[in-house]
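These are the residues of each chain, in order.
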Amino acid sequence: MAATIQAVDLRVREITMSLVISDDLVRASGLSERELFLEIVIMLFRQDKISLGKASELTGMHRMQFQKLLADRGICVHYDVAEFQEDLNTL
């Protein structure tokens, strides 16, 4: 059985996409499905493909919790003007 990861991209319109990762790859990584998903989200964040807010949403973590995880790994949080404006709007 393969691991299936589902994600929603809200930038353009809601699209549900399934990503199937073979059990061999999951086993070879030495990670659980959840840990592998977390690593994928962190990689996308580091490459500026998704925002901090989107990354924390996808992982189901509070934004501060996700930021702490990044800090524990020595990963800088790139917080831009758009994210600041989003936070202001939320407040």
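Presented here is an overview of the structure given in this document. Everything numeric here is computed off the predicted structure, so don't read it as measured data. (Residues numbered from 1 in each chain as written. Predicted model: local features only at pLDDT ≥ 70, side-chain atom pairs only at ≥ 80, totals over all residues. Heavy atoms only, no water.)

What follows covers the overall build of the protein. Check the secondary structure of the protein and you find five helices and two strands. Ordered by position from N to C terminus, the α and β elements of the protein give β-β-α-α-α-α-α. Among the 91 residues that make up the protein, the fraction classed as buried is 26%. Long-range contacts, defined here as pairs at least 24 residues apart, represent 35% of the contacts in the protein between residues at least 6 apart. By element, 57% of the accessible surface of the protein is carried by carbon and sulfur atoms, the whole surface being about 6600 Å². (Helix = DSSP H or I, 4+ residues; strand = E, 2+ residues; numbered from the N terminus. Buried < 20%, exposed > 50% of the residue type's maximum accessible area, 1.4 Å probe, protein only. Contact = heavy atoms within 4.5 Å. Areas by Shrake-Rupley, 256 points an atom, 1.4 Å probe, with all protein chains shown as cover.)

What follows is about the environment of Phe66. Along the chain, the position of Phe66 falls in helix 4 (residues 63-72). Taking C-alpha positions, Phe66 is 8.1 Å from Leu52, a pair spaced 14 residues apart along the chain. The contacts of Phe66, once residues within four sequence positions are left out, are Leu38, Val41, Ile42, Leu52, Ala55, Ser56, Thr59 and Met61.

Below, the discussion takes up the packing of helix 2 (residues 33-46) against helix 3 (residues 52-59). Contact geometry for helix 2 and helix 3: axes closest at 10 Å, N-to-C directions at 175°. Classified by the angle between their axes, helix 2 and helix 3 sit roughly antiparallel to one another. When helix 2 is examined against helix 3, the residues Arg34, Phe37, Leu38, Val41 and Phe45 are found in contact with a partner set consisting of Leu52, Ala55, Leu58 and Thr59. (Axes fitted to C-alpha atoms, helices over the stretch in contact; angles between N-to-C directions. Parallel < 35°, antiparallel > 145°, perpendicular 65-115°, else oblique.)

A few words now on unusual backbone geometry. Phi at Asp48 is positive, roughly 60°, even though this residue is not glycine. Following the sequence through the fold, Asp48 ends up in the loop between helix 2 and helix 3.

Looking now at the pattern of salt bridges. For the coordinates displayed, the defined rule picks out four salt bridges. With its nearest N and O atoms 2.7 Å apart, the salt bridge here joins Arg27 to Asp24. On the criterion of helical spacing, the pair formed by Arg27 and Asp24 is a turn pair, its members being three residues apart in helix 1 (residues 23-29). For Asp24, a relative accessible area of 55% corresponds to the exposed category. Among the ionic pairs, Arg73 bridges to Glu39, the shortest N-O distance being 2.6 Å. (Salt bridge = Lys/Arg side-chain N within 4 Å of Asp/Glu carboxyl O.)

Helix-helix packing: each pair is described by the crossing angle between the helix axes and the interaxial distance. Closest axis-to-axis distance for the helix 2/helix 4 pair is 12 Å, and the angle between their directions is 80°. With respect to helix 4, the element helix 2 is oriented roughly perpendicular. On helix 4, the residues that touch Leu38, Val41, Ile42 and Phe45 of helix 2 are Phe66, Leu69 and Leu70. Partitioned by chemical class, the residues of the contact of helix 2 with helix 4 number seven nonpolar, no polar and no charged. (Nonpolar A, V, L, I, M, F, W, Y, C, P; charged D, E, K, R; others polar.)

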